[in-house]
Amino acid sequence: MAHGGQALSDRLVEGSQQRALAESALNCLETDGFIRLPLEDVRTVAAAVRAWDAWLASAPAEAKLRHARAAAPTPQRAPTPLGGPPPGGRGYVSLPAKELFEVVLDDQLAARALLALHSQGASMLSMLSRALGMQPHGLSALLDELPLAPNRDGSSVLHVCRYTQSGAAAGSSRGGGGSAATQGTEAHQDRGLLTVVAASEGEGLEVQSRHDGSWRRVVLWPGEAAMFCGLSLEWATGGMLKAAVHRVVPLAPGRTSLCYKLRVRPDAVVDPPALLQYSPGHLRPSYQAPKTGAQLMEMFAASHPLSVNAQALGSGGGDGSSGRAEGEATGHAQVETLRLDVVVLTNPQHKLSLQLPAGSALLDAKRAVASATDVPLRRQLLFSGSWVSLPDDTPLAHLERRLGRPLKLYAAPSPGPQEPTMRINCMGFDGAKIEFDLRVGATGIELMVLLQARACYHPTKQMLIFDGERVHPMPPLAELGIGDGDSLDILDKQYGD
Ligand SMILES: O=C(O)CCC(=O)C(=O)O
Ligand SMILES: [Fe+2]
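You'll find the chain entered in an unreviewed UniProt entry as Ubiquitin-like domain-containing protein, with Raphidocelis subcapitata given as the organism. The UniProt entry for the chain carries the following comment under Sequence similarities (unreviewed entry): "Belongs to the iron/ascorbate-dependent oxidoreductase family."

In structure tokens form, the structure reads like this:
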């Protein structure tokens, strides 16, 4: 008699193999910070890597921009194989050492590769749930429910990245900072649960050891993928798994990777005590409160204001809009004169609009502001949706085209003799204390402008923390509960994905 069921002994063998696999995956994450494993649908994924690699290496810039524009969301877009519009923010980012596309699912090969990586990542999450003593689908149940509801973007994203070795990037040592040539390759953590990477080259990715801080090369054989944890998984597992700090070293021949980032859907509730109910002993107090996927993303954006994948020209997320990929601005008409908005940080703020010759540099603008307001050059700071840190001889027209947003200059005069002030202390990492007498009603911006004038501080690289929270530059400090005699900490900004 024919029978469809699997023999019990086979099931037992399979079950114990699954358990052994899950335990070794957990072990790799704990000791190395990453897992290497064979791709399940290797033909599809490898074909997608090859196709993107060839196209990205040879297509002219205009073709890439055209593709990115075609990928922009429109209500008329045909539904994708997942039953909804393409996931994520879409777009194209071009940085000195890296280009990044967010994959759109109207490309059949990309769609199949995305589904293959999704399914392999989701099974890894199920395996890890079991190995950690959670319900088998505890972690994978946090992902999008497929097919996606119409008109809902997926939370998980597929990024295609191509890295090239641009001049100064070769052999340079990099940490948190990052020169222009290494932009996009800085050490960072990913925001999601799990990242799955398949690449055209065996080398390039590096993961930092949690034990001694050294960098480990992730060497992949053809047909292998790497997986590592993001901050949402660190949260969901109550800190049992740690988000990998990783970076990419650009290689001479160029390297193209498909990075599939499995992220928690915004309305899913991540409740570490409920997830870990069978092994509650591991739970640290700071992970007790349940958070939605959306709240986890907000927490991530607050603690990682810089993004390795954002179009950046000294961007620092001053308006809280960082972390988003922005397309390169194009098609700006040549202009005879430039308009520059200036905000003078008095109480109330006072605004000027400067008209400058088209060829003006940042220094010319600062000089014009100094003669109109008496505010010295070093108490002026440029902003364009994010903070801008560039040499004073940078031409403004070029800057505005690159940033794709109007420029704004903040100028902080000293408070007048009669003006009521409050004393704010800023504590440097090295314990140095810098005191400021700010006008009552001052915003974070004023403090940031003064800090860069007085100390080795720049809002592109550092942030201010009060009571464990990042100080947002826009509202008055008093609204954030900061008053006379309070101390703020100056911390280096961290990079996210
Ligand atoms: O290309 C890679 O291997 C990793 C890219 C990455 O870390 C990211 O985009 O977040
Ligand atoms: Fe990453």
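Colleague: Can you tell me about the UniProt feature "domain: Ubiquitin-like" (unreviewed entry) in the chain, naming the residues and giving the values?
Modeller: In the numbering used here, UniProt assigns the feature "domain: Ubiquitin-like" (unreviewed entry) to residues 422-497. Structurally, residues 422-497 is divided into 14% helix and 37% strand, and its ends, taken at the C-alpha atoms, are 38 Å apart.

Colleague: Break down the coordination of the iron ion (ligand 2) for me, with residues and values.
Modeller: Ideal values differ by geometry: the angle at a metal is 109.5 degrees with four tetrahedral donors, but 90 or 180 degrees with six octahedral donors. On the protein side, the iron ion (ligand 2) has His-188 (NE2), Asp-190 (OD) and His-246 (NE2) as donor atoms, found 2.1 to 2.2 Å from it. Of note, the donors binding the iron ion (ligand 2) are all from one chain and are spaced H-x1-D-x55-H. His-188 gets classed as buried once you look at its relative accessible area, which sits at 8%. A relative accessible area of 1% places Asp-190 in the buried class.

Colleague: Break down the sheet that holds strand 19 (residues 433-439) for me, with residues and values.
Modeller: The mixed open sheet is built from five strands, whose spatial order is 19-18-22-20-21. Pairing within the sheet leaves two strands with one partner each, and these edge strands are strand 19 and strand 21 (469-470). Across three bridges, strand 18 (residues 421-427) lies against strand 22 (residues 487-492) in parallel orientation. Considered in strand 22, the bridge of Cys-426 is made with Leu-488. Strands strand 18, strand 19, strand 20 (462-466) and strand 22 of the sheet are contacted by helix 10 (residues 444-454), whose axis makes an angle of about 135° with strand 19.

Colleague: Can you break down empty space enclosed by the protein residue by residue, with the values?
Modeller: Gaps left between atoms show up when a probe the size of a water molecule is rolled over them. Using the criterion set out here, one finds six cavities of 30 Å³ or more in the structure. Here the second largest cavity defines a volume of roughly 120 Å³. Examining the composition of the lining of the second largest cavity, we find that four residues originate from one element, strand 10 (residues 255-262), more than from any other. Tallied by class, the residues present in the lining of the second largest cavity amount to nine nonpolar, five polar and four charged.

Colleague: Requested: an account of the side chain of Ser-129, with residues and values cited.
Modeller: Among the structural elements, Ser-129 can be located in helix 4 (residues 108-131). Owing to a relative accessible area of 0%, Ser-129 belongs among the buried residues under this scheme. Among the polar contacts made by the side chain of Ser-129, one reaches the main-chain amide nitrogen of Leu-139 at a distance of 3.3 Å. With residues up to four places along the chain from it excluded, the contact list for Ser-129 reads Met-134, Gln-135, Pro-136, Gly-138 and Leu-139.

Colleague: For the sheet that holds strand 7 (residues 215-217), give the residues involved together with the corresponding values.
Modeller: Reading across from one edge, 7-6-9 is the order of the three strands in this open sheet, with antiparallel pairing throughout. Looking at strand neighbours, the two that pair on one side only are strand 7 and strand 9 (246-248), the edges of this open sheet. Each adjacent strand pair in this sheet contributes to an overall mean axis angle of 30°, direction not counted.

Colleague: Break down the site of ligand 1 for me, citing the residues and quoting the values.
Modeller: Close to ligand 1 lie 14 residues, the nearest being Tyr-163, His-246, Arg-255, Ser-257 and Lys-261. The side chain of His-246 places a nitrogen or oxygen atom 2.9 Å from an oxygen atom of ligand 1. Interatomic distance of 2.7 Å between a side-chain N/O atom of Ser-257 and an oxygen atom of ligand 1. Summarising the interface, the protein chains cover 100% of the accessible area of ligand 1, which totals 300 Å² for the free molecule. Structurally, ligand 1 is housed in the second largest cavity. At the level of elements, strand 9 and strand 10 are the ones that each hand at least two residues to the shell around ligand 1. For the shell around ligand 1, the element with the highest residue contribution is strand 10, accounting for four residues.

Colleague: Run through the packing of aromatic side chains, naming residues and quoting values.
Modeller: On inspection of all chains with the given rule, the structure shows two aromatic pairs. Look at Trp-52 and Trp-55: their rings are 6.2 Å apart centre to centre, the planes differ by 85°, and that puts the pair in the edge-to-face class. In this pair, Trp-52 and Trp-55 both sit in helix 2 (residues 42-58), three residues apart, roughly one turn of the helix. Looking at Trp-52, the relative accessible area reads 8%, which means it is buried. Owing to a relative accessible area of 28%, Trp-55 belongs among the partly exposed residues under this scheme. Consider the rings of Phe-383 and Tyr-410, whose centres lie 5.8 Å apart with planes at 80°: the pair is edge-to-face.

Colleague: Report on helix 2, specifying residues and quantitative values.
Modeller: The end-to-end C-alpha distance of helix 2 is 24 Å, a good match for the 24 Å that 17 residues give at a rise of 1.5 Å each. Turning to helix 2, its buried residues are Thr-44, Val-45, Ala-48, Val-49, Trp-52 and Leu-56. Buried residues of helix 2, seen end-on, are gathered within an arc of 130° and therefore sit on one face of the element. What points out from helix 2, more than 90 degrees from its buried face, is the exposed set Arg-43, Arg-50, Ala-57 and Ser-58.

Colleague: Got a sec to walk through the pairing of strand 8 (residues 224-229)? Specific residues and values, please.
Modeller: Burial analysis of strand 8 places six of its six residues in the buried class, the great majority of the element. Going residue by residue along strand 8, you find Glu-224, Ala-226 and Phe-228 tucked away on one face and Ala-225, Met-227 and Cys-229 tucked away on the opposite face as well. Sheet analysis places strand 1 (residues 35-38) next to strand 8, joined by four bridges and oriented antiparallel. In the strand pairing of strand 8, Arg-36 is matched with Ala-226. In this structure, strand 5 (residues 194-199) lies alongside strand 8, joined through four bridges in antiparallel fashion. For Val-196, the partnering residue across the bridge sits in strand 8 and is Met-227.

Colleague: Talk me through the environment of Pro-150; I want residue IDs and the actual numbers.
Modeller: Position of Pro-150 relative to the elements: it lies in the loop between helix 4 and strand 4 (157-163). Between the alpha carbons of Pro-150 and Asp-53 there is a distance of 31 Å; along the sequence they are 97 residues apart.

Reading the values: the criteria
Residues numbered from 1 in each chain as written. Chains lettered and ligands numbered in written order. Predicted model: local features only at pLDDT ≥ 70, side-chain atom pairs only at ≥ 80, totals over all residues. Heavy atoms only, no water. UniProt positions renumbered as here; feature names shortened; annotations may be inferred. Helix = DSSP H or I, 4+ residues; strand = E, 2+ residues; numbered from the N terminus. Donors = N, O, S within 2.8 Å, 3.2 Å for Na, K, Ca; no water. Buried < 20%, exposed > 50% of the residue type's maximum accessible area, 1.4 Å probe, protein only. Pairing = 2+ DSSP bridges. Contact = heavy atoms within 4.5 Å. Axes fitted to C-alpha atoms, helices over the stretch in contact; angles between N-to-C directions. 1 Å grid on protein atoms, 1.4 Å probe; cavity = no way out; pocket = protein on both sides within 12 Å on 5 of 7 lines; lining within 4 Å. Points joined across faces, edges and corners; volume = space filled by probe spheres on them. Nonpolar A, V, L, I, M, F, W, Y, C, P; charged D, E, K, R; others polar. Polar contact = N/O pair within 3.5 Å; in protein donor to acceptor, adjacent residues only side chain to side chain. Near = heavy atom within 4 Å. Areas by Shrake-Rupley, 256 points an atom, 1.4 Å probe, with all protein chains shown as cover. Sits in = over half its atoms within 2 Å of the grid points. Phe/Tyr/Trp six-rings, centres within 6.5 Å; stacked < 30°, edge-to-face > 60°. Expected span 1.5 Å × (residues − 1). Arc of directions from axis to C-beta.

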